[in-house]
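These are the residues of each chain, in order.
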Amino acid sequence: MSTPEFLDPPPGVRRTDLRLSYGPVAALRARPTSGATVLAPAVLVHGFTGSKEDFIALLQSLARPGREVVAIDLPGTHGSPGPETLTPPPGVELPDYRLSSLGAVVGEVLDLVGDGGPVHLVGHSFGGLVSQEAALAEHTPVASLTLMCSGPGALSGPGADRARNLIAALSMDPSPERLRVLWDERFAAEARARTAKPEVVDFLRERFLNTSALALIRMAEDLLGARDRIDELVEVDVPSLVLYGENDDAWPLAEQDAMAERLGARRLVVPGAGHSPNVEAPETTSSALTDFWNETESVGRR
C-alpha cells in the first residue's frame, strides 16, 4: 500500500466530489495558487489498495506551472461510494469494478476535467492498467499517458501472491466485518512498519475499511488476469512515459523496460525510490511529469 507522508491538502488543493453519470467520485483537485490554468489538465489514478492521497505530495508542484491536476478515488475505494450502494439514473449502467468498467469511469473523469479537450493521464500500479483501458476508449482524448510502476498486463511474483491471498481471505465473506478482522490480523502491523505517524496509520486503517470488499476482490482478480494491451496502445499512438523507482518490486523492471520499448515511450528511473516514487521521491517525480507534459504540449503546438 502507498503510504503518504502527510494528509492535509497543501495550498491550492481541495477535496471535492466529481459528479459522474452514475454517481460521485471523490477527488483532490489542485489549481495554481497564482496565475491562470493555461496548460492541459491532468488526472491521476491510484493503485490497488491506494487512494487519491497517494498523490498529495505531487499536486501543488504539478499545478504550479498553470494546470489543473485531479487525483481520484476509484469507485468503491475510500471516499468514492461503491456501485452496490448507489441507485443510478434510468438507463445508466453502474461500474462493476472490472478493468473495462473502471477505465470507462476514468474516461468520464477525463471528459469532465478536460471539458472535451485532451488531458494528461497518469496511472500508478493497478491504476496503470485502468489508465490503459481509458486511453483505449475511442471517446477519450488523452494528451499523454504515464504508466508509473505498472506493467503491460497481469502481475506476477510476490505481488500476485498477496493478491491471491487477499482474494482467498475475502471471497467467502466479503463484508466490512471481515475487513476489520483482516486489518487487525494482517495489515495493522504492516502499516505501523511503514510509518511512525499515528495519524497516517489511522488514515490507512480508515482507507482500508472504507473500501468495498467486493472491489478489492474484483481488482485483485484483474491484477492477476489482465491481458496485455500494449500493441493496441501502440496503434492509438499516445505520447507515453514509463516511470518507476529503481527498487520497484511489483512488475519486473525488465518487463517495464520492454513495455517502454514496445510503446516507443520515454523511460525514466527514479533513483532511491521503490514502488511509490510519488511518495518516496515526489520532487523528482513531479519534475519528470511536468517536463514530459510540457514537452508533449510544446510538440503539439508546432
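Each remark here, short or long, concerns the structure printed above.
Sequence order as written defines residue numbering, which begins from 1 separately in each chain. The predicted origin of the model limits local features to residues at a pLDDT of at least 70 and limits the giving and counting of side-chain atom pairs to 80 or more, whereas totals for whole chains, interfaces and linings rest on all residues. Water and hydrogen atoms play no part in the side-chain values, which are based on all heavy atoms of the structure.

How would you sum up the pairing of strand 6 (residues 142–148)? Please name residues and give values.
Two faces make up the sheet, and in a regular strand the side chains alternate between them. Counting buried residues in strand 6 gives 7 out of 7 residues, a clear majority hidden from the surface. Sheet analysis places strand 5 (residues 119–124) next to strand 6, joined by 6 bridges and oriented parallel. The residue bridging Val119 from the neighbouring strand is Val142, located in strand 6. Between the parallel elements strand 5 and strand 6, the chain passes through helix 3 (residues 126–136) in a crossover that is right-handed. Paired strands, in this sense, are two strands between which DSSP finds at least two bridges. A helix here means a DSSP run of H or I that spans at least four residues, while a strand means a run of E at least two residues long, and both kinds are numbered starting from the N terminus. Pairing between strand 6 and strand 7 (residues 240–245): 4 bridges, direction parallel. From the neighbouring strand, Leu147 faces strand 7, where its bridge partner is Val242. Exposure categories follow from relative accessible area, calculated using a 1.4 Å probe and restricted to protein chains: below 20% of the type maximum is buried, above 50% is exposed, and the middle band is partly exposed. Classification remark: right-handed applies to a crossover when, strands pointing away from the viewer, the course from the first strand over the helix to the second runs clockwise.

Which residues make up empty space enclosed by the protein, and what are the values?
Residues are called lining when one of their atoms sits within 4 Å of a cavity or pocket point, these points coming from a 1 Å grid over the protein atoms alone, where a cavity is a set in which a 1.4 Å probe fits but cannot get out and a pocket is an open set with protein on both sides within 12 Å along at least five of seven lines. Grid points are joined across faces, edges and corners, and a volume is the space filled by probe spheres set on the points. Here the structure, examined in full by the defined rule, presents 2 cavities of 30 Å³ or more. Each pocket or cavity is described by its volume, and for the largest cavity that value is around 50 Å³. For the largest cavity, the full set of lining residues is Pro4, Glu5, Phe6, Glu53, Asp54, Ile56, Ala57 and Val279. Residue classes follow a fixed rule: Ala, Val, Leu, Ile, Met, Phe, Trp, Tyr, Cys and Pro count as nonpolar, while Asp, Glu, Lys and Arg count as charged, and any other residue, Gly among them, counts as polar. Residue classes in the lining of the largest cavity are distributed as 5 nonpolar, no polar and 3 charged.

If you had to explain the packing of helix 4 (residues 157–170) against helix 5 (residues 176–194) to someone new, which residues and values would you point to?
Packing of helix 4 against helix 5 brings their axes to within 11 Å, and their N-to-C directions diverge by 135°. When the axes of helix 4 and helix 5 are compared, the pair comes out oblique. Relative to helix 5, the crossing made by helix 4 is right-handed. Listed contacts from helix 5 to Asn165, Leu166, Ala169 and Leu170 of helix 4 are Arg178, Leu179, Leu182, Arg186 and Phe187. Grouping the amino acids of the contact of helix 4 with helix 5 by side-chain chemistry returns 6 nonpolar, 1 polar and 2 charged. Orientation is described by lines fitted to C-alpha atoms, with helices fitted over the stretch in contact, and by angles between N-to-C directions that extend from 0 to 180 degrees. An angle counts as roughly parallel when it lies under 35 degrees, as roughly antiparallel when it exceeds 145, as roughly perpendicular when it falls between 65 and 115, and as oblique in every other case. By convention, the crossing between two helices is left-handed when the near helix turns anticlockwise from the far helix through less than a right angle, and right-handed when the turn is clockwise. Any two residues having at least one pair of non-hydrogen atoms within 4.5 Å are treated as being in contact.

Residue-level account of the side chain of Ser131, with values.
As for its placement among the helices and strands, Ser131 is situated in helix 3. With sequence-adjacent residues up to four places away left out, Ser131 is seen in contact with Val45, Leu121, Val122, Gly123 and Leu145.

I'd love a proper account of unusual backbone geometry, names of residues and values included.
Positive phi values are uncommon outside glycine, yet Asp115 reaches one of about 50°. Structurally, Asp115 is set in the loop between helix 2 (99–114) and strand 5. You can call Asp115 exposed: its relative accessible area is 71%. The backbone of Cys149 shows a phi angle near 50°, a positive value even though the residue is not glycine. By the secondary structure assignment, Cys149 is in the loop between strand 6 and helix 4.

Describe the nonpolar core, naming the residues involved and giving the relevant values.
For our purposes a nonpolar core is just a set of buried Ala, Val, Leu, Ile, Met, Phe, Trp, Tyr and Cys residues, chained together by side-chain atoms within 4.5 Å. Among the nonpolar cores identified, the biggest contains 92 residues, and Leu44, Ile72, Val106, Leu121 and Phe126 are the most heavily contacted of them. Discounting residues that sit within four places of it in the chain, Phe126 has contacts with His46, Gly47, Phe48, Leu74, Leu99, Leu102, Met219, Asp222, Leu223 and Trp251.

Summarise the packing of aromatic side chains; cite the residues concerned and give the values.
For Phe, Tyr and Trp, where Trp contributes only its six-membered ring, two rings pair if their centres lie within 6.5 Å, and the inter-plane angle classes them as stacked under 30 degrees, edge-to-face over 60, or tilted in between. Following the criterion strictly, the structure yields 2 aromatic pairs and no others. Ring centres of Trp183 and Phe208 lie 6.0 Å apart, and the angle between their planes is 40°; this geometry places the pair in the tilted category. One end of the pair, Trp183, is in helix 5; the other, Phe208, is in helix 6 (residues 198–210), and 25 residues separate them in sequence. What makes Trp183 buried here is its relative accessible area of 3%. Taking the centre distance of 4.8 Å and the plane angle of 45° together, the rings of Phe187 and Phe208 count as tilted. With Phe187 in helix 5 and Phe208 in helix 6, this pair connects stretches of sequence that are 21 residues apart. Take Phe208: its relative accessible area is 7%, and that puts it in the buried class.

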